[in-house]
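Geometric and topological summary
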Amino acid sequence: MEMFKYMETYDYEQLVFCQDKASGLKAIIAIHDTTLGPALGGTRMWTYASEEDAIIDALRLAKGMTYKNAAAGLNLGGGKTVIIGDPKKDKNEAMFRAFGRYIQSLNGRYITAEDVGTTVNDMDTIHEETDFVTGISPAFGSSGNPSPVTAYGVYKGMKAAAKQAYGVDSLEGRTVAVQGVGNVAYKLCEYLYKEGANLIVTDINKEAVQRAVENYGAKAVEPDEIYSVYCDIYAPCALGATINDETIPQLKATIVAGAANNQLKETRHGDILHEKGIVYAPDYVINAGGVINVADELNGYDSERAMKRVETIYDNLMRVFAISKRDNIPTYVAADRMAEERIQGLQQSRSTFLLNGHHIISRR
Ligand SMILES: NC(=O)c1ccc[n+]([C@@H]2O[C@H](COP(=O)([O-])OP(=O)(O)OC[C@H]3O[C@@H](n4cnc5c(N)ncnc54)[C@H](O)[C@@H]3O)[C@@H](O)[C@H]2O)c1
Ligand SMILES: CC(C)C[C@H](N)C(=O)O
């Protein structure tokens, strides 16, 4: 892989390789764009088939955070870390402390948080070595696990999508097919249940399914049946790339709105949804609740203020839908346009982020 060519093509600023033999740390920090502020994005721990796969994932996820943070109206750039390893077997305290020191060495250009494979406990360990970490324990006056807040944002975003599709944003009596009832989606099911929606759920973890069936009256289906069930809303909350050539023809839903990152396998699948008249809530706009919540820590965490800000996901999606309608473009293109316009608009008044003594981080 020609790294500089790739970085130049997609405008990446920095790629950092972190190695600590004693603890087994192998981490890649990718910083995509710091026009709006320091790069904030989570740390993913995963077993990658190859180092190249890990690098590509870090780069791709970092760029996603640039767009997510910009579209959410945050004064933050985009970055992400991947740690190569099995989160169930390979973690140790020294590893996360070594990683914390690498983050510290970037002097605020990158701030981390949770992602797949990392927990609040890991963030607390990182915090032993650096201030540039969020999603740490409420015991430190911080925001803790971002998942429930992500769920709240997805719920609000689903209501915006309903407004766009049906003219009313009530979800009462609507049927929502939820794929994956993990940390985010279980809480999402609670919001939906309380509003009177009907739930169809699936998960490869039978206990997760059972919980939703027992507590929220959900109907359970097998994992490969979720695409073809009769429903109003398909909510992908497990993996990426579930909107693809195989699944689109099966969908009965009029709305696709869920928590998963990178839902479209390829961008052309967003075009197909648009042509079919399916309202697609772009993933990085609807699932920004977690990052909005952890970002609030940089001002001294206030849960009420953070939740109010998460509610703006509704308005952000309505803007995306309006741009899509006005320009007759798919919603994923409209979201990119909204994010890029914000970055370009501020590019003139900001240069590449450097910690210079007066910055968002200095407020806490
Ligand atoms: N946690 C957050 O704050 C947050 C923020 C933004 C985006 N996301 C994204 O939302 C999604 C869910 O995040 P989470 O934190 O709830 O993760 P999670 O691991 O707690 O939940 C995912 C669930 O999906 C299930 N699953 C995996 N493969 C499946 C399959 N093939 N069919 C059905 N179910 C399957 C898993 O068993 C698990 O229960 C992820 O894509 C994540 O990247 C999460
Ligand atoms: C900063 C984190 C809370 C980001 C989250 N993992 C996401 O993908 O949005």
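Note that this is a predicted model, so its numbers are computed, not measured.

A few points about the pattern of salt bridges
Counted by the stated rule, this structure contains 19 salt bridges. For Lys 80, the salt bridge goes to Asp 115, with nearest N and O atoms at 3.1 Å. One end of the pair, Lys 80, is in strand E5 (residues 77-84); the other, Asp 115, is in the loop between strand E6 (110-111) and helix H4 (120-127), and 35 residues separate them in sequence. Here Lys 80 and Asp 115 have matching classes, each one buried. Ionic pairing is found between Glu 190 and Lys 194, a salt bridge with its closest N-O pair at 2.9 Å. A residue pair is termed a helical-turn pair when its members lie 3 or 4 positions apart in one helix, as Glu 190 and Lys 194 do in helix H6 (residues 183-195) at four residues.

Points about the site of ligand 1
The environment of ligand 1 is formed by 18 residues, the closest being Thr 150, Asn 183, Val 184, Asp 203 and Ala 238. Contact between ligand 1 and Thr 150: an oxygen atom at 2.7 Å from a side-chain N or O atom of the residue. Between ligand 1 and Val 184 there is a distance of 2.8 Å, counted from an oxygen atom to a backbone nitrogen or oxygen. Compared with its free state, where it exposes 820 Å², ligand 1 has 75% of that area covered by protein. Of all the secondary-structure elements, those providing two or more residues to the shell around ligand 1 are helix H5 (147-166) and H6.

Topic: the sheet that holds strand E9 (residues 219-220)
Pairing within the open sheet is parallel, and its six strands lie in the order E9-E8-E7-E10-E11-E12. The sheet terminates laterally at E9 and strand E12 (279-280), the two strands that pair on one side only. Summarising the sheet, strand E10 (residues 233-236) and strand E11 (residues 255-256) pair through two bridges and their orientation is parallel. Looking at E11, one finds that Ile 233 is bridged to Ile 255.

Remarks on the packing of aromatic side chains
One pass over the structure, following the stated rule, counts eight aromatic pairs. Ring geometry for Tyr 193 and Tyr 216: centres 5.3 Å apart, planes at 45°, overall tilted. Taken as a pair, Tyr 193 in helix H6 and Tyr 216 in helix H7 (residues 206-216) lie far apart in primary sequence, 23 residues in all. An aromatic cluster of three or more residues is present, and its members are Tyr 6, Tyr 10 and Tyr 12.

A word on the site of ligand 2
Taken together, Gly 42, Lys 68, Lys 80, Ala 113, Glu 114, Asp 115, Pro 146, Asn 261, Gly 290, Val 291 and Val 294 are the residues near ligand 2. Contacts to ligand 2 include Lys 80, whose side-chain N or O atom sits 3.4 Å from an oxygen atom. Here ligand 2 has 290 Å² of accessible area as a free molecule, and 91% of this is covered by the chains. Element by element, the count of residues in the shell around ligand 2 is highest for helix H10 (residues 289-295), at three residues. Across the shell around ligand 2, the residue classes break down as four nonpolar, three polar and four charged. Each of domain 1 (3-66 + 78-134) and domain 2 (147-341) gives at least three residues to the shell around ligand 2.

Criteria and thresholds
Residues numbered from 1 in each chain as written. Chains lettered and ligands numbered in written order. Predicted model: local features only at pLDDT ≥ 70, side-chain atom pairs only at ≥ 80, totals over all residues. Heavy atoms only, no water. Salt bridge = Lys/Arg side-chain N within 4 Å of Asp/Glu carboxyl O. Helix = DSSP H or I, 4+ residues; strand = E, 2+ residues; numbered from the N terminus. Buried < 20%, exposed > 50% of the residue type's maximum accessible area, 1.4 Å probe, protein only. Near = heavy atom within 4 Å. Polar contact = N/O pair within 3.5 Å; in protein donor to acceptor, adjacent residues only side chain to side chain. Areas by Shrake-Rupley, 256 points an atom, 1.4 Å probe, with all protein chains shown as cover. Pairing = 2+ DSSP bridges. Phe/Tyr/Trp six-rings, centres within 6.5 Å; stacked < 30°, edge-to-face > 60°. Nonpolar A, V, L, I, M, F, W, Y, C, P; charged D, E, K, R; others polar. Domains from an automatic or database assignment.

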